[in-house]
Amino acid sequence: MDEDPANKSAAPMPATNTKGATQKPETTPLVQDMIGARLKAYYARIAEEPIPERFTELLKQLDEQSSSNEKKA
Amino acid sequence: MSMPEGTDPPKRDLDDFPGLLVACIPGLRAFGITLTSNAERADDLVQETLLKAWKSQKSFERGTNLRAWLFTILRNEFYTQLRKRKREVEDADGVYSNSLSVPGGQESHLDMQDMRLALAKLPHDQREAIILVGASGFSYEEAAEICMVAVGTVKSRVSRARTRLTELLMPPDKSNVRQGNA
């Protein structure tokens, strides 16, 4: 496995991990949780944007196409 | 959603499929935007994803994870396009970061901007790992399947991404509070 030599103590861990307090200050779990929360907020903000019409239109078209194909078949 | 029948999917499932896809669009867009730092390219990825998913909907096993399936398609499409673009122009990460419009107030806008720039600085493999696990809500196992790597690889990528994001967003030098001027 290609471990980052500068960061040997940073074992893989889930977002809410509370171990690893011996890491350098800027990578303590508390700070990383803050970053994790900001990332989630950033992502959620984008996901909250209304769905562009082009997609609902596209799916409507595809749906209509396939049901008219079905009738032909 | 419990119609495990052979041959042609029943009409009800066909009716269902668009609705299921629509429900996944917000997450797909967010994934695309975080991958590309570009709303337009992200929406093209989403469009491709929807088209491909539609065409191969019969191969999708009902009852399995549709969201993970769609994310896998979008990710594959992203790398296909990336390889094409790389051949055309050597794009530096973040070149497109100004073309993404994000709604919101001043302060949160800055916050969003910082996160976007920081994500754009991560290597692709780390970026997708931290987004899938840390924002999209996939398990390590699901992310490993989406990225087609071992679970351990995802874990180490997420870990490194987290460390790198922290360095980028919370520089040890606290006196330097200017942000977003990368």
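Located above this text is the structure these notes cover.
Not measured: the values here are computed from a predicted model. (Residues numbered from 1 in each chain as written. Chains lettered and ligands numbered in written order. Predicted model: local features only at pLDDT ≥ 70, side-chain atom pairs only at ≥ 80, totals over all residues. Heavy atoms only, no water.)

*Asks:* I'd like a rundown of the packing of helix 6 (residues 140-147) of chain B against helix 7 (residues 151-169) of chain B, residues and numbers included.
*Replies:* Residues and elements named next belong to chain B. Two elements in contact, helix 6 and helix 7, have axes whose closest approach is 8 Å; the angle formed by their N-to-C orientations is 100°. Relative to helix 7, the element helix 6 lies roughly perpendicular. Counting all contacts with helix 6, which are made through Tyr140, Glu141, Ala143 and Ala144, the residues of helix 7 involved are Val151, Val154, Lys155, Val158 and Arg162. Across the contact of helix 6 with helix 7, the residue classes tally to six nonpolar, no polar and three charged. (Axes fitted to C-alpha atoms, helices over the stretch in contact; angles between N-to-C directions. Helix = DSSP H or I, 4+ residues; strand = E, 2+ residues; numbered from the N terminus. Parallel < 35°, antiparallel > 145°, perpendicular 65-115°, else oblique. Contact = heavy atoms within 4.5 Å. Nonpolar A, V, L, I, M, F, W, Y, C, P; charged D, E, K, R; others polar.)

*Asks:* Can you explain helix 1 (residues 29-48) of chain A? Please cite residues and give values.
*Replies:* A rise of 1.5 Å per residue sets the reference length of helix 1 of chain A, with its 20 residues, at 28 Å; its end C-alpha atoms lie 28 Å apart and thus fit the reference within 8%. Listed as buried for helix 1 of chain A are Pro29(A), Val31(A), Gln32(A), Ile35(A), Arg38(A), Leu39(A), Tyr42(A), Tyr43(A) and Ile46(A). (Expected span 1.5 Å × (residues − 1). Buried < 20%, exposed > 50% of the residue type's maximum accessible area, 1.4 Å probe, protein only.)

*Asks:* Explain the packing of aromatic side chains to me, using residue names and the numbers behind them.
*Replies:* Residue and element names in this part refer to chain B. For the structure on display, the rule yields five aromatic pairs over all chains. On the basis of an interplanar angle of 35° and a centroid distance of 4.8 Å, the ring pair of Phe60 and Trp69 is categorised as tilted. Using a relative accessible area of 7% as the deciding quantity, one classes Phe60 as buried. Pairwise contacts between aromatic rings join Phe31, Phe71 and Phe138 into one cluster. Note that Arg67 overlies the ring of Phe71, its terminal NZ or CZ placed 5.4 Å from the centroid. A cation sits over an aromatic face here: Lys155 above Tyr140, 5.5 Å from the ring centre. (Phe/Tyr/Trp six-rings, centres within 6.5 Å; stacked < 30°, edge-to-face > 60°. Lys NZ or Arg CZ within 6 Å of the ring centre and 35° of its normal.)

Purely geometric stuff here, so don't read any function into it on its own.
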